[in-house]
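What the coordinates show
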Amino acid sequence: MGNHPITVCNQVLSCDFEAVRQSMRCGSRCLPDDEDAQLALRLVFAPMDSPASTSCPMKPGEEVIVTSIKKAPGWEPLTWRQDRVARQEAAARGARLWPGPGESRFGRPSRCWCVQLLAADGRGGVRQMSALLQVACAQEDRDLEKVKDAVKEISSVAKYAHRFNYHVAQAVGEEPANIPAIRVASSAACFVLDSVNPRVADAGDTAILTFFDAKNVTKFVFEGGEDFEELPQAFFHFVLWSSGGKELLADLQGALKGQDFVLVDPVLLRGAEMAIADVMALSSSGELPNPNQQRFDLWHPRCGQLCRSFDPSRRTSSTRRACGLRPSGAFKPPPAGGGFSGVWLGFGWDT
Ligand SMILES: [Zn+2]
């Protein structure tokens, strides 16, 4: 299997593993035993260039060998959302709080691995990296276009994070670098060139590689019972507010790194605009409200001071009704491309 060349230590390897092993045996001393080579990957799509993204240590076209694939016990929360959706689908009754398969990739089953990577360092040596590898359980979900869409979605969250960080800096009168920020771990789409471990992935599959190495994943905004962390909670509210109700974040999870919250694999629910006046009318008429309204209220049970800096109209938890979106028709969404040209609440936005 495998007709794709792979480059390690400046050597072009034909990508069947016998050739890889042979080259490893006569290659650098820092390469591990040959049986450790499990997957060969090529980065094919890495669009995350927002200042709020963590840096991506690889470029599109670069190839790596995966030498270690392990379950990370501290990363178990990464798959909680798909478990929630699976239980909801099995019950098949009542309101669909969790975004179902037809609505979002939220519940798309995937497996998560902590992997060690080897890549040429460009100077005749080898560099080692660790990352999160996510492989969809269903073969049809390992499609390149589906994986690229997921990476684009994560990239969109990073763009929102940049605007949010800028807003917070303006609100508190500090330089963005001096205050805690929301950051998003860089994700990229990877093509599997070859594999000796088909239970993880096989040649021809596409997977998501995320450069994230924290020991544990913590839920910041998930199902409403998390410890209240003001920055990710305010970010959650900010995205709904600044998109005019068109986009809702889901499952903000990750780790604290220094003073920053680094999010991993966040989800953006789209295409379900909440017209608050309509929701209120439906509620009073006894019909089920928009599920995104329920999600917003459940997942963001109260606002902190930061929320009030951009949306002072949402009430406190005891009387909360809705995000204080501008009424339908009066709200001016950001221009296409994600830039904010308007000046709201006295804050100017750059990009
Ligand atoms: Zn809020």
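Every value quoted in this text rests on a predicted model; they were computed, and no experiment measured them. (Residues numbered from 1 in each chain as written. Predicted model: local features only at pLDDT ≥ 70, side-chain atom pairs only at ≥ 80, totals over all residues.)

**Structural notes on the overall build of the protein**
Check the secondary structure of the protein and you find 7 helices and 16 strands. Burial statistics for the protein: of 351 residues in total, 40% are counted as buried. For the protein, the proportion of contacts with a sequence separation of at least 24, taken over those separated by at least 6, is 65%. (Helix = DSSP H or I, 4+ residues; strand = E, 2+ residues; numbered from the N terminus. Buried ≥ 20, exposed ≤ 12 C-beta atoms within 10 Å, placed from the backbone. Contact = placed C-beta atoms within 7 Å.)

**With respect to the confidence of the model for the protein**
With 73% of its residues at a pLDDT of at least 70, the protein reaches an overall mean of 80. Here residues 19-31 is a poorly scored stretch, pLDDT under 50, and it has 26 contacts once near neighbours within four places are set aside; other chains count. Note that residues 316-321 has pLDDT below 50 and, in this model, 7 contacts with residues that lie over four places away or in other chains. (pLDDT = per-residue confidence, 0-100.)

**Digging into the nonpolar core**
The biggest cluster of nonpolar side chains holds 78 residues, and the ones touching the most others in it are L41, V157, A161, I182, A207, F235 and L263. Every residue in contact with A207, bar those within four places of it in the chain, is listed here: L133, Q134, V135, R142, V147, C190, V192 and A201. (Core = buried A, V, L, I, M, F, W, Y, C linked by C-beta atoms within 7 Å.)

**Points about helix α3 (residues 144-172)**
Between its first and last C-alpha, α3 extends 42 Å over 29 residues, near the 42 Å set by a 1.5 Å rise per residue. Positive backbone phi, approximately 70°, marks G173, located one or two places after α3. (Expected span 1.5 Å × (residues − 1).)

**Quick notes on unusual backbone geometry**
Even without being glycine, D251 reaches a positive phi, approximately 60°. Note that D251 resides in the loop between β11 (247-250) and β12 (252-257). For D265, which is not a glycine, the phi torsion comes out positive at approximately 50°. By the secondary structure assignment, D265 is in the loop between β13 (260-263) and β14 (267-270).

**Some words on the packing of α3 against helix α4 (residues 230-242)**
Between α3 and α4, the shortest axis-to-axis distance is 10 Å and the interhelical angle comes to 105°. As the angle between them shows, α3 and α4 are arranged roughly perpendicular. In this structure, α3 uses Y160, A161, R163 and F164 to contact α4, whose residues at the interface are F235, F238, V239 and S242. Among the residues forming the contact of α3 with α4, the class breakdown is 6 nonpolar, 1 polar and 1 charged. (Axes fitted to C-alpha atoms, helices over the stretch in contact; angles between N-to-C directions. Parallel < 35°, antiparallel > 145°, perpendicular 65-115°, else oblique. Nonpolar A, V, L, I, M, F, W, Y, C, P; charged D, E, K, R; others polar.)

**Some details on helix α6 (residues 291-299)**
Turning to α6, its buried residues number three or more, namely N292, Q293, R295, F296 and W299. Projection of α6 onto a plane perpendicular to its axis shows the buried side chains occupying an angular sector of 160°, all on one side. (Arc of directions from axis to C-beta.)

**Details of the environment of T67**
Relative to the helices and strands, T67 resides in strand β4 (residues 63-70). Judged by the 20 C-beta atoms lying within 10 Å of it, T67 is buried. Spatially, the C-alpha atoms of T67 and A40 are 9.1 Å apart, while their sequence positions differ by 27 residues.

**Considering the sheet that holds strand β5 (residues 110-120)**
With antiparallel pairing, 6 strands are arranged side by side around a closed barrel as β3-β4-β5-β6-β9-β8. Between one strand and the next, the sheet's axes are offset by a mean angle of 45°, whatever the strand orientation. Packing of α3 onto the sheet brings it into contact with β3 (39-45), β8 (187-195) and β9 (206-210), and relative to β8 it is tilted by some 150°. (Pairing = 2+ DSSP bridges.)

**Notes on the environment of P47**
Tracing the sequence through the fold places P47 in the loop between β3 and β4. Between the C-alpha atoms of P47 and S155, which are 108 residues apart in sequence, the distance is 6.9 Å.

**What to know about the sheet that holds β13**
The strand order β7-β13-β12-β10 describes an open sheet built from 4 strands, whose pairing is mixed. A strand with exactly one partner marks an edge of an open sheet, and here the two such strands are β7 (182-184) and β10 (218-221). When strand polarity is set aside, the average angle formed by the axes of neighbouring strands in this sheet is 45°. Summarising the sheet, β10 and β12 pair through 3 bridges and their orientation is antiparallel. What sits directly across from K219, in β12, is Q253. Sitting on the sheet, α4 is in contact with β7, β10, β12 and β13, with an inclination near 50° to β10.

**Re the pairing of β8**
Burial analysis of β8 places 8 of its 9 residues in the buried class, the great majority of the element. Note: β3 against β8, 6 bridges, orientation antiparallel. When the sheet's bridge partners are listed, A40 is paired in β8 with D194. Here β8 runs beside β9; their pairing, made up of 5 bridges, is antiparallel. Looking across to β9, one finds that C190 is bridged to A207.

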